[in-house]
Number of protein chains: 2
Amino acid sequence: MERIPPHPDVRTVPLQRVLEALVDPVRRSIVTQLCDAAADLRCGGFDLPVSNSTATHHFRILRETGLIRQYYVGTARMNTLRRDEFDEAFPGLLDAVVSADRRSSGAAATA
Amino acid sequence: MERIPPHPDVRTVPLQRVLEALVDPVRRSIVTQLCDAAADLRCGGFDLPVSNSTATHHFRILRETGLIRQYYVGTARMNTLRRDEFDEAFPGLLDAVVSADRRSSGAAATA
DNA sequence: GCAGAACTACGATGGTTGTCAAACTTTGAT
DNA sequence: ATCAAAGTTTGACAACCATCGTAGTTCTGC
């Protein structure tokens with residue numbers, strides 16, 4: 001039996017849904033961390049300021065928005081960024097958001 | 001006496017604020033219409049599905065986010081897109097959002 | 001000066017949503 | 001078989017925000 005609900009076709013996801021997904025700082029942090037990571041990450045492998053149940057909620061929204069793909073490895077739920085598919089559906093958006101997010105988060109020394 | 005509150009320096013506006021501004025469909029419609037318009041538009045010149053007072057609310061948020069600049073001409077409040085400044089602060093973001101928005105709104109015939 | 005046009009400001013309200021704790025499920029190891 | 005680990009699900013709660021109507025402000029024209 002499948003433990004993970006089906007992933008949507010990103011091209012059918014409306015822009016509204018995408019922006020609603022990316023407007024939340026926690027979800028944006030997930031996306032950014034996934035973008036910076038060399039490999040896929042399990043849910044518990046993220047640095048998040050919320051409880052487990054809240055994190056689950058955010059992962060679900062990202063999955064339903066078509067931003068991430070989830071799959072199980074043992075008891076660990078892995079997450080991968082659906083970059084290519086998403087870029088095709090929303091060209092330039094992920095790059096712009098993630099880049100701006102990195103500037104914001106890593107804003108410390110500009111000298 | 002100034003009738004319009006001061007406009008922020010776009011570079012000081014956090015990404016969070018920008019996304020919160022762009023996530024609202026009415027505000028995104030304002031930005032898109034402004035993008036498509038040849039000249040500046042007065043508040044009453046937009047095609048919006050909300051009351052006047054609500055529209056004012058949205059214009060204020062866009063101004064405070066640094067996306068639009070407002071100025072009076074008689075009794076008419078004019079609006080202009082701060083494209084260059086915004087693009088410098090958030091490269092690629094406006095383009096990605098407006099492009100995707102146009103695809104969504106104008107989605108009718110693909111034949 | 002007065003009327004009207006064009007917006008804005010002010011409360012008030014309703015719906016949405018991010019948050020948590022507690023209980024549950026599934027898998028892997030002992 | 002049992003136990004722990006890793007997440008999920010459910011229900012409840014609080015905060016935020018888009019929306020509206022009404023009243024107010026500023027300018028133009030007569």
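What counts, and where the lines are drawn
- Residues numbered from 1 in each chain as written.
- Chains lettered and ligands numbered in written order.
- Predicted model: local features only at pLDDT ≥ 70, side-chain atom pairs only at ≥ 80, totals over all residues.
- Heavy atoms only, no water.
- Pairing = 2+ DSSP bridges.
- Helix = DSSP H or I, 4+ residues; strand = E, 2+ residues; numbered from the N terminus.
- Contact = heavy atoms within 4.5 Å.
- Axes fitted to C-alpha atoms, helices over the stretch in contact; angles between N-to-C directions.
- Buried < 20%, exposed > 50% of the residue type's maximum accessible area, 1.4 Å probe, protein only.
- UniProt positions renumbered as here; feature names shortened; annotations may be inferred.
- Least-squares fit on C-alpha atoms with pLDDT ≥ 70 in both.

A. Representation of the sheet that holds strand 2 (residues 68-73) of chain A in the model. All names here are of chain A. The strand order across the open sheet built from 3 strands is 1-3-2, with neighbouring strands paired in antiparallel fashion. Unpaired on one side and paired on the other, strand 1 (41-42) and strand 2 mark the two borders of the sheet. Strands in contact with helix 2 (residues 25-36) are strand 1, strand 2 and strand 3 (76-81); relative to strand 3, the strand with the most contacts, it is inclined by about 80°. Here helix 3 (residues 52-64) sits on the sheet and contacts strand 2 and strand 3; the angle it forms with strand 2, its principal contact strand, is near 120°.

B. Local environment of the pairing of strand 3 of chain A. All names here are of chain A. Along strand 3, 6 of the 6 residues are buried, which leaves the element largely enclosed by surrounding structure. Neither face of strand 3 is left uncovered, since the one carrying Ala76, Met78 and Thr80 and the one carrying Arg77, Asn79 and Leu81 both have all their residues buried. The pairing of strand 1 with strand 3 spans 2 bridges and is antiparallel. Among the inter-strand pairings, arginine 42 is bridged to a residue of strand 3, identified as methionine 78. Relative to strand 3, strand 2 is paired through 6 bridges, and the arrangement is antiparallel. Across the sheet, the residue bridging to arginine 69 is threonine 80, located in strand 3. Hairpin connection of strand 2 to strand 3: 2 residues between the antiparallel strands, including glycine 74 at a positive phi of 70°.

C. Region of interest: the UniProt feature "domain: HTH arsR-type" (unreviewed entry) in chain A. Under the feature "domain: HTH arsR-type" (unreviewed entry), the UniProt entry names residues 7-101 of chain A. Secondary structure within residues 7-101 of chain A divides into 52% helix and 15% strand; the distance between the first and last C-alpha atoms comes to 25 Å.

D. Seen up close, the relation of the copies chain A and chain B. Structural alignment of chain A on chain B gives an RMSD of 0.0 Å, achieved by rotating through 180° and translating 0.0 Å along the axis. Read as a symmetry element, the transformation amounts to a two-fold axis. Interface overlap between copies: 100% of the residues of chain A at the interface are likewise at the interface in chain B, consistent with a symmetric, same-surface contact.

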